[in-house]
Amino acid sequence: MSDAVAIAGVTRTFATGRGPAVTALQDVSLTVAPGEFVSLIGPSGCGKSTLLRLIADLDQPTSGIVSVFGKSARQARLDQDYGIAFQQAGLLPWRTVAANVELPLDLHRVPAAERRARVAELLDFVGLADFAGSYPDQLSGGMQQRVAIARAFAEKPSLLLMDEPFGALDEMTRERMQTELVRLSAETGAAVVFVTHSIPEAVFLSDRVVVMSPRPGRIREIVPIGLGPGRERGEALRENPAFYAAVTAVREALHGDGAVPVGVENR
Amino acid sequence: MRARIASPLAVAWPPVALAVVAVAIWQGVVVLGKVPEFLLPAPGAILGDLLAHPGLIGSATLVTGLNGLVGLVVGAVVAVVLAAVAAAVRFFDRMSAPIVAAVAVVPIVSLAPVCYTMFGAASQQPRQYIAAVAAFAPVFLTTLRGLRQVRPVHRDLMTAYAASGWQATRTVTLPGALPYLFSGLNVASSLAVISALVTEYFGGPRDGLGSLITSAAATSNYATAWAYVFGAIVLGLVFYLVTLALEWFASRRA
């Protein structure tokens, strides 16, 4: 089976109004295996969100090749091979929670009966069955983000792209959501590419952590996290010495050149 | 986020009390001060006139109201269609922007005498056209802003779902623009009524509120003139409140 994501020699430069072009990513190569959980971490401006947008075909590389399940990123998008969640939940305020989760199914003309069954299943999955008829403005930030995650899972994608989905949440909600996400991705067997700037978050969730550095954005190091399969990860892991060791390894990779990167959370 | 909801009675009584006191003072000043009627008729006299021929005032209100309504609907429909075109076609937007800005600032009623010559003095059409032109600008501007207000995260989402242009318009752009359209309609409703009424001052059939206010004042029936003014106030309020309710309904979830 082909890689979930294969990125080969990708460079992305942005033309600025005047002045020189900004190099957001330079010569980045990375593969993500099916079912693998990979986090992209690095200080602000290291191009981690840009890289995610390239995989999602929301943006195109200046040079290099991005392929998703052996197809071009564009074809993978048109075939709906991935689900996506952003830092903002991005729910439609005039639709109920159920109708928001239903949105991708609705757009892709899934029959109504099937749609209803799937939405009920998804809301159960994220523990929001009682809020199906509520509107997004009646929910807390954490609940809205859970709706967005249910929506990302709606079409049983084998690849999930997440751009700091827990960035705006408080620490306690955040840890609970991480535990849920690890469980959900393990249960569905989906590969995940997860952008974050929290080291413990990256370590807790991932099989591998990709450490990036800014100006120009490039991959500094890929740290394997040997904490076992996702389905066995629970709250106890956060107290485990192996967890601390992995956090230290990622931190050292981030701070490799001695300078303290700006914008990385050490919590 | 939700404000505490006071009982309707608690909200309503202070302004009602103020209005009653103001009318009482008005009556007192006019009666005790022996104010001549042409200067300011007493509220009692105005009320007497209202009660004496409610049918006349009612039918005049209907005539002006219908002109305002036709103008509002025509102006709003044209505005929404053109705003949709401007949102979709950059060139049309650049072409139309200065003209719409001009329409928005020109006092439209100044066209009234010209329109009566164009359409004939026996026609209601000049009144409706002028109300339509007055209603057009605010609806066009707010709708266009609403159509451009799509949040980047929603646009990304539609791209990620490989949604067609029409699907994106139907699911994200139009529902998002609706509250803007209705707030424009709310502003336009007052402009339409005012324009329909003021246009009557310049000629045309003598059947609307504006015509009858001028006739009554010209024939020294001051209380009658004020009774028609009262009709105009009611008409303006009805237009305002109906469109305000629509606006509230549309923006509940946006």
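Residues numbered from 1 in each chain as written. Chains lettered and ligands numbered in written order. Predicted model: local features only at pLDDT ≥ 70, side-chain atom pairs only at ≥ 80, totals over all residues. Heavy atoms only, no water.

What is the right way to read the overall build of chain B from this model?
Helix and strand counts for chain B come out as 10 helices and zero strands. Reading the secondary structure of chain B in the N-to-C direction produces α-α-α-α-α-α-α-α-α-α. Its C-alpha atoms give chain B a radius of gyration of 23 Å, clearly above 18 Å, the size a compact globule of 254 residues would have. On the principal axes, the C-alpha backbone points of chain B span a range of 75 × 55 × 30 Å. In chain B, once contacts between residues fewer than 6 apart in sequence are set aside, the share between residues at least 24 apart is 74%. In the form shown here, chain B has an accessible surface area of approximately 13,800 Å², with 76% of it arising from carbon and sulfur atoms. (Helix = DSSP H or I, 4+ residues; strand = E, 2+ residues; numbered from the N terminus. Rg over C-alpha atoms; globule rule 2.2 N^0.38 Å. Contact = heavy atoms within 4.5 Å. Areas by Shrake-Rupley, 256 points an atom, 1.4 Å probe, with all protein chains shown as cover.)

Just checking my understanding: could you explain the interface of chain B and chain A for this structure?
For an interface, size is often stated in terms of accessible area lost upon the parts coming together. With 20 residues of chain B in contact, the opposing surface of chain A contributes 24 residues. The junction of chain B with chain A conceals about 2,100 Å² of combined surface from both sides, 60% of it contributed by carbon and sulfur atoms. Summed over the shared surface of chain B and chain A, the result is one salt bridge. Here Arg53 of chain A ties to Asp156 of chain B by a salt bridge, and the two come within 2.7 Å at their closest N and O atoms. (Buried area = accessible area lost by both parts, 1.4 Å probe. Salt bridge = Lys/Arg side-chain N within 4 Å of Asp/Glu carboxyl O.)

Which parts of the structure should I look at to understand the sheet that holds strand β3 (residues 37-41) of chain A?
All names here are of chain A. The sheet built from six strands is open, its strands ordered β6-β7-β8-β3-β9-β10 with mixed pairing. Where the open sheet ends on each side, the last strands, each with one partner, are β6 (82-85) and β10 (218-224). Pairwise comparison of adjacent strand axes, ignoring direction, gives a mean angle of 15 degrees for this sheet. Of the pairings in the sheet, the one linking β3 to strand β9 (residues 208-213) comprises four bridges and is parallel in character. In the sheet register, Leu40 faces β9, and the bridge partner there is Val210. (Pairing = 2+ DSSP bridges. Axes fitted to C-alpha atoms, helices over the stretch in contact; angles between N-to-C directions.)

Looking at this model, I keep getting lost on the pairing of β9 of chain A. Mind explaining?
As a general feature of sheets, a regular strand has side chains that alternate between the two faces. Residue and element names in this part refer to chain A. Where burial is concerned, most of β9 is hidden: five out of the six residues are buried. When β9 meets β10, the two strands line up antiparallel, connected through six bridges. When the sheet's bridge partners are listed, Arg208 is paired in β10 with Pro224. In this antiparallel pair of consecutive strands, β9 and β10, the connection spans four residues, and Arg215 shows a positive phi of 50 degrees. (Buried < 20%, exposed > 50% of the residue type's maximum accessible area, 1.4 Å probe, protein only.)

Explanation requested: a nonpolar patch on the surface in the structure shown.
Residues and elements named next belong to chain B. A surface patch of nonpolar side chains, amounting to about 790 Å² of accessible area, comprises Leu66, Leu69, Val73, Val77, Val81, Val85, Val89, Phe91 and Met95. Those elements that place two or more of their residues in the nonpolar patch are α3 (54-88) and α4 (90-105). Broken down by element, the residue count for the nonpolar patch peaks at six residues, all from α3. Along the chain, Val89 falls in the loop between α3 and α4. Assessed through its relative accessible area of 40%, Val89 is described here as partly exposed. (Patch = residues over 30% accessible without salt bridge, like charges linked within 9 Å, V, L, I, M, F, W, Y side chains within 5 Å.)

Would you mind going over helix α10 (residues 222-251) of chain B with me for this structure?
Residues separated by three or four positions in an α-helix point in the same direction, a consequence of the helix having 3.6 residues per turn. Its 30 residues give α10 of chain B an end-to-end C-alpha distance of 43 Å, which sits within 8% of 44 Å, the value for a rise of 1.5 Å per residue. Of all the positions in α10 of chain B, only Ala223, Thr224, Ala225, Ala227, Tyr228, Gly231, Ala232, Leu235, Phe239, Thr243 and Ala250 of chain B are classed as buried. (Expected span 1.5 Å × (residues − 1).)

Mind showing me how you'd approach helix α2 (residues 43-52) of chain B here?
Residue and element names in this part refer to chain B. Buried within α2 are the following residues: Pro43, Ile46, Asp49 and Leu50. Across the axial projection of α2, the buried residues extend over an arc of 120 degrees, all falling on one side. Opposite the buried face of α2, at more than 90 degrees from it, the exposed residues are Leu51 and Ala52. The inward-facing, buried residues of α2 abut α1 (8-32), α3 and α10. (Arc of directions from axis to C-beta.)

Sorry if this is basic, but what is going on with the nonpolar core here?
Across soluble globular proteins, nonpolar side chains have a tendency to be buried as a group. Counting residues in each nonpolar core, the largest one holds 51 residues, and the members touching the most others are Val203 and Val250 of chain A. For this core, the leading source of residues is helix α5 (residues 141-153) of chain A, giving seven residues. What Val250 of chain A contacts, discounting residues up to four positions off in sequence, is Ile41, Ile199, Val203, Val209, Val211, Val223 and Ile225 of chain A. Of all hydrophobic cores here, the second largest spans 44 residues; its members include Leu54, Leu92 and Met212 of chain A together with Leu157 of chain B. (Core = buried A, V, L, I, M, F, W, Y, C linked by side-chain atoms within 4.5 Å.)

Would you mind showing me how to read the environment of Ala134 of chain B here?
All names here are of chain B. Position of Ala134 among the secondary structure elements: in helix α6 (residues 125-147). Taking the relative accessible area as the measure of exposure, Ala134 reaches 8% and is therefore buried. For the pair Ala134 and Ile194, spaced 60 residues apart in sequence, the C-alpha separation works out to 9.2 Å. Apart from the residues within four sequence positions on either side, Ala134 is in contact with Ile108, Leu191 and Ser195.

Can you help me understand the side chain of Asn67 of chain B in this one?
Residues and elements named next belong to chain B. Structurally, Asn67 is set in helix α3. The class of Asn67 is buried, set by a relative accessible area of 2%. There is a polar contact of 2.8 Å between the side chain of Asn67 and the side chain of Gln124. (Polar contact = N/O pair within 3.5 Å; in protein donor to acceptor, adjacent residues only side chain to side chain.)

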